[in-house]
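Breakdown of the fold
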Amino acid sequence: MYYTNLGFTGLQVSNLTLGTMAFGRWIDEKSSVAILDTAIDAGINLIDTANFYGKGQDEQFKYGTGECEEIIGRALQGRRDKVILATKVGLPMGENPNESGLSKFHIMREVENSLQRLQTDYIDLYQVHRFDNQTQLEETLSTLTNLVTQGKVRYIGCSNYAAWQIAKSCGISDLRGFEHFVSSQSQYNLLSREVESELVPYCLSENMGLLVYSPMARGMLSGKYTSRDDLPEGSRAAKGEQLIQNYFTDQNFMRVDAYKRLAIENEVNMSQFSLAWILNQPAVTSAIVGASNQSHITDAVQISDWKWSESLNHRVSSI
Ligand SMILES: NC(=O)c1ccc[n+]([C@@H]2O[C@H](COP(=O)([O-])OP(=O)(O)OC[C@H]3O[C@@H](n4cnc5c(N)ncnc54)[C@H](OP(=O)(O)O)[C@@H]3O)[C@@H](O)[C@H]2O)c1
C-alpha cells in the first residue's frame, strides 16, 4: 500500500480510502465488517463515513439515522487506533430545521452523536458535508476549532465545496486564527472532471489534500452497465441507487466501451483501469472506493501502485 501526506499535514494516509456509504443501507452488518476487515488487512488506513449514512439515505426517510457509524463503531472495538476515522456533519439528521447544516448548535450536538455511535473519544478528520449558505463561515470554523482544542477532533476537512468557498474559509481561518481545512472531498472520475477547472489547481497551489469520491462513477466505470435498461442483478442501480442515473447517458455508454478496450489492452479490468487513472491525477491524495464486496477491495489494492503512462493519458484524453 502506498501512503502519502494528507495535504500539508504530517498525517500519512493510504492512497485508497474505504468508503462506507453502503454500510447499513445496501450492505448488512456482517458483510460490511468483512469488507472493513479486508481493507484494514490490505493496509488501507483511512475510513470514510458520515453521520448521514445508513438507511436514512433512502428517499422515503429524508434524514440520516446513523446505522453506518454504529456498524463501524462496533467493528473497530479493540483496534480503533489502527485506522484514521473520517466522518461528516451537515446533512439532515431530523426534520427540525436545526437538525441539519453547519451551525454551532447542530455541529456540537452531532459531534457527540458521532463519537457515541463510533464508540471513540476522537474523530481524526471531521468534514463538513456540504456548504451551508445559511450559516456564517466564522460560526462553523470557530466551532470546529473548539472541537480540535477539546481533543474531540484532530483535523478538519470540507466536502463538496467550490474552490472559492475553500479559499474564503482559509482566509477567515488565517485572519481569526481558526483551524484550516486540510482536505477537500469531491467527486472526480473519468466521466466527471468538473473539479479540474478550479478545485484541482487550488489544491495543488495550497497543498491541500484531495479525497476523491465516486472514483468509479458509482459503478458506471466498472463496466457492468451496458444500457440504462439492463441493470445487472445485485448492482446498485438495480437496488435503486438514484444518483447513478445521471451517468446513464448515450455518450457515457460509448465512452465506457472505449475505455474497456484500453483496459483489455493493458490487461486490467475496467474498475482497475478507472481507479488507476484517478490515482495518477495530480493533486489526488486518496481515492475513496465504495466496495460492495471484498473482491472490490482486492481489485483496488492490486492496482494502487500502477504507474500511468503519458501515452495512455493522450489516448484517454481523445475519448
Ligand atoms: N462527500 C460526499 O458527498 C460523498 C458522496 C458520495 C460518496 N462519498 C464517499 O465516497 C465513497 C465511495 O463512493 P461511491 O460508492 O460512489 O464510489 P465508487 O467507487 O464510484 O462506486 C462504488 C461502486 O462501484 C462498483 N465497484 C467498485 N469496485 C468494483 C469492482 N472491482 N468491480 C466491479 N464493480 C465495482 C460497486 O457497484 P455495485 O455495488 O453495483 O457492485 C460499488 O458499489 C462512499 O462510500 C462515501 O464514503 C462521499
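Residues numbered from 1 in each chain as written. Predicted model: local features only at pLDDT ≥ 70, side-chain atom pairs only at ≥ 80, totals over all residues. Heavy atoms only, no water.

Notes on the site of the ligand
If you check the shell around the ligand, you find 28 residues, and the closest are Asp48, Ser214, Met216, Lys224 and Arg236. Arginine 236 has a polar side-chain atom sitting 2.7 Å from an oxygen atom of the ligand. Contact with the protein chains removes 94% of the 910 Å² of surface that the ligand exposes when unbound. (Near = heavy atom within 4 Å. Polar contact = N/O pair within 3.5 Å; in protein donor to acceptor, adjacent residues only side chain to side chain. Areas by Shrake-Rupley, 256 points an atom, 1.4 Å probe, with all protein chains shown as cover.)

Focus: the pattern of salt bridges
Per the counting criterion, the structure on display carries 15 salt bridges. For glutamate 112, the salt bridge is made with lysine 152, and the minimal N-O distance between the two is 2.5 Å. Taken together, the positions of glutamate 112 in helix α3 (residues 104-118) and lysine 152 in the loop between α4 (137-149) and β7 (153-159) put the pair 40 residues apart, joining distant regions of the chain. Put simply, glutamate 196 and arginine 193 hold a salt bridge, and the shortest N to O gap is 3.0 Å. The exposure class assigned to glutamate 196 is partly exposed, which follows from its relative accessible area of 28%. The exposure class of arginine 193 is partly exposed, given its relative accessible area of 30%. Via salt bridges that share partners, Glu69, Glu110 and Arg117 belong to a single interconnected network. (Salt bridge = Lys/Arg side-chain N within 4 Å of Asp/Glu carboxyl O. Helix = DSSP H or I, 4+ residues; strand = E, 2+ residues; numbered from the N terminus. Buried < 20%, exposed > 50% of the residue type's maximum accessible area, 1.4 Å probe, protein only.)

Notes on the nonpolar core
Grouped together as the largest cluster of nonpolar side chains are 92 residues, with contacts concentrated most on Phe273 and Leu275. Broken down by element, this core gets its largest block of residues, 7 residues, from helix α8 (residues 270-279). Not counting residues up to four positions away in its chain, the partners in contact with leucine 275 are Leu16, Pro215, Met216, Ala287, Val289, Ala300 and Ile303. (Core = buried A, V, L, I, M, F, W, Y, C linked by side-chain atoms within 4.5 Å. Contact = heavy atoms within 4.5 Å.)

What about α8?
Among the 10 residues that make up α8, 10 are buried, leaving the element largely enclosed by the rest of the structure. Along α8, the residues that are buried comprise Met270, Ser271, Gln272, Phe273, Ser274, Leu275, Ala276, Trp277, Ile278 and Leu279. Looking at the buried residues of α8, the elements they touch are β3 (16-19), β9 (209-213), α7 (250-265), β10 (286-289), α9 (294-303) and α10 (310-317). By the N-cap criterion, in which a side-chain oxygen at the helix start approaches the backbone nitrogen of a residue two or three places on, α8 is capped by asparagine 269, the distance to serine 271 being 3.1 Å.

A few points about the packing of aromatic side chains
Summed over the entire model, instances satisfying the criterion amount to 9 aromatic pairs. Consider the rings of phenylalanine 131 and tyrosine 161, whose centres lie 5.2 Å apart with planes at 80 degrees: the pair is edge-to-face. Of the two residues, phenylalanine 131 is situated in the loop between β6 (123-128) and α4 and tyrosine 161 in the loop between β7 and α5 (163-176); the sequence distance between them amounts to 30 residues. Residue classification places phenylalanine 131 among the partly exposed positions, given a relative accessible area of 25%. Taken together through their ring pairs, the aromatic side chains of Phe131, Tyr161, Trp164 and Phe181 make up a single cluster. Seen from the ring of tyrosine 122, arginine 154 lies directly overhead, with NZ or CZ sitting 3.7 Å from the centre. Lying across the ring of tyrosine 2, lysine 307 places its NZ or CZ 6.0 Å from the centre. (Phe/Tyr/Trp six-rings, centres within 6.5 Å; stacked < 30°, edge-to-face > 60°. Lys NZ or Arg CZ within 6 Å of the ring centre and 35° of its normal.)

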